[in-house]
Amino acid sequence: MLPDNLLITVLMGGPGSERDVSLASGKAVLKALLDAGLRVEGVDVKGADFDLPEGTGLAFNVIHGTFGEDGQLQSILEQRGVPYTGAGSKSSAVAFDKNLAKAKFLEAKVPTPASEIIDVSSGVKMPEMELPYVVKAPCQGSSVGVHIVKDAAAAEAAMEDAAKYGDEILVEQFVKGRELTVAVVDGVAMPVVEIVPPDGVYDMASKYPWLSGAQGSQYFCPAALDEATTRAVQDAALEAHRSLGVEVYSRVDVLLDDEGNPFVLEANTIPGMTETSLLPKSAAASGMDFTALCLRIAELSLALGKR
């Protein structure tokens, strides 16, 4: 239970490319906590010099991507001595950096696509990996800087775009399969969600059609998987979550190939938190409504205290 006099400040927005999505998440969380009868205020964060309302006892962080998900905001809150929701500064930084996360997955023997890291600090270079492959900017969310490359003609443009976001680009073996995601809350894997994009590519447009006017993806929860496959996907997600040392909750993205083998792509430590986002869909399928999910995240995080 949360203390009756606790002031929760919902941090939303942020300076990154996912600002509009974060504002939507923040408004949804703010409403849910207000509906639960709690003392809540919202703050639109635009940079590191943001102010918190006096007496804030818990910062509920829903700033997706750069600044909110990469450990920067967490470090600021730690310096100010303010408890906050979700992953800590160190685990956030590791999970957000695709190259660091990949190393943790491999160390823990988490099933994940074969990969190589390309240093482009002195100019764009081509991967040695055979086509098709996926080019990924190292520290971006919501598929920013991600390109599925199926022919040599598209490879250089993909590498050049990803190089805009960092000096070390992750290139992964392309795995053809079903797009799945698994929410992990307090060490428990929730029902698997299957994502079916309109054109087979789950990108920024198909994730957030209300931003672009594009056709949105379809979602199925629980995913139509047999019991053994469901367990294998959930186990892979849990292994990934644990390997990164993530606190409280995450949402782990998994590809399931045609032979039923799961491949972990990444763990999102500040996943979408609108009532139609994937984490709330998974929670709802387990019997936890959106308000209960927000309260659970707040309770678990407050129990960790100052970090």
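Owing to the predicted nature of the structure, the values given are computational and were not obtained by experimental measurement.

### Observations regarding the overall build of the protein
The helix and strand tally for the protein stands at ten helices and 13 strands. Principal-axis analysis of the C-alpha atoms places the extent of the protein at approximately 60 × 45 × 40 Å. Out of the 307 residues belonging to the protein, those deemed buried represent 53%. Considering only intrachain contacts with a sequence separation of at least 6, the fraction spanning at least 24 residues in the protein is 68%. When the accessible area of the protein is evaluated, it comes to approximately 13400 Å², of which 49% is carbon and sulfur surface.

### A closer look at the sheet that holds strand β2 (residues 39-45)
Spatially, three strands are ordered β2-β1-β3 in an open sheet, and the strand pairing comes out parallel. Sheet topology places β2 and β3 (56-61) at the edges, where each strand pairs with a single neighbour. The mean inter-strand angle of the sheet, taken between neighbouring strand axes irrespective of direction, is 30°. Where helix α10 (residues 290-304) meets the sheet, it contacts β1 (7-13) and β3, and its direction lies at approximately 125° from that of β3.

### So, the side chain of serine 243
Residue placement: serine 243 occurs in helix α8 (residues 227-243). Serine 243 gets classed as buried once you look at its relative accessible area, which sits at 16%. There is a polar contact of 2.8 Å between the side chain of serine 243 and the backbone oxygen of alanine 240. Beyond its immediate stretch of four places on either side in the chain, serine 243 contacts Lys104, Phe105, Ala108 and Val110.

### Remarks on the environment of cysteine 221
Within the secondary structure, cysteine 221 is located in the loop between β11 (218-220) and α8. Cysteine 221 sits in the partly exposed class, given a relative accessible area of 29%. Separated by 29 residues in sequence, cysteine 221 and valine 192 have C-alpha atoms that sit 6.2 Å apart. Leaving out residues up to four positions away in the same chain, cysteine 221 has contacts with Pro191, Val192, Val193, Lys281, Ser282 and Ala285.

### Considering α10
Here α10 is 15 residues long and its end C-alpha atoms lie 22 Å apart, about the 21 Å a rise of 1.5 Å per residue gives. Turning to α10, its buried residues are Phe290, Leu293, Cys294, Ile297, Ala298, Leu300 and Ser301. Turning to α10, the residues buried within the fold contact β1, α1 (19-35), β3, β8 (177-185), β12 (249-257) and α9 (278-285). The N-cap of α10, judged by a side-chain oxygen 3.3 Å from the amide nitrogen of threonine 291 a few residues on, is aspartate 289. Two residues or fewer after α10 comes glycine 305, characterised by a positive phi angle close to 70°.

### A few points about the sheet that holds strand β6 (residues 146-149)
Ordered in space as β4-β7-β5-β6, the four strands form an open sheet in which the pairing is antiparallel. Single-partner strands in this sheet number two, and they are β4 (115-119) and β6. Neighbour-to-neighbour, the strand axes of this sheet turn through a mean angle of 20°, independent of strand direction. Each of β4, β5 (133-136) and β7 (168-173) is contacted by helix α4 (residues 98-107), which is oriented at about 50° to β7, the strand it contacts most.

### Examining the pairing of β2
Pairing analysis gives seven bridges linking β1 to β2, with the strands arranged parallel. Pairing of methionine 12 across the sheet is with aspartate 44, part of β2. For the handedness criterion, the β-α-β arrangement of β1, α1 and β2 is classed as right-handed.

### Points about empty space enclosed by the protein
Scanning the entire structure with this criterion turns up one cavity of 30 Å³ or more. Counted as a void, the largest cavity has a volume near 50 Å³. As for the largest cavity, its lining consists of Lys98, Ala101, Lys102, Phe105, Leu170, Glu172, Leu265 and Glu266. Elements supplying a minimum of two residues to the lining of the largest cavity: α4, β7 and β13 (262-268).

Parameters and conventions
- Residues numbered from 1 in each chain as written.
- Predicted model: local features only at pLDDT ≥ 70, side-chain atom pairs only at ≥ 80, totals over all residues.
- Heavy atoms only, no water.
- Helix = DSSP H or I, 4+ residues; strand = E, 2+ residues; numbered from the N terminus.
- Buried < 20%, exposed > 50% of the residue type's maximum accessible area, 1.4 Å probe, protein only.
- Contact = heavy atoms within 4.5 Å.
- Areas by Shrake-Rupley, 256 points an atom, 1.4 Å probe, with all protein chains shown as cover.
- Pairing = 2+ DSSP bridges.
- Axes fitted to C-alpha atoms, helices over the stretch in contact; angles between N-to-C directions.
- Polar contact = N/O pair within 3.5 Å; in protein donor to acceptor, adjacent residues only side chain to side chain.
- Expected span 1.5 Å × (residues − 1).
- Right-handed = clockwise from strand over helix to strand, strands pointing away.
- 1 Å grid on protein atoms, 1.4 Å probe; cavity = no way out; pocket = protein on both sides within 12 Å on 5 of 7 lines; lining within 4 Å.
- Points joined across faces, edges and corners; volume = space filled by probe spheres on them.

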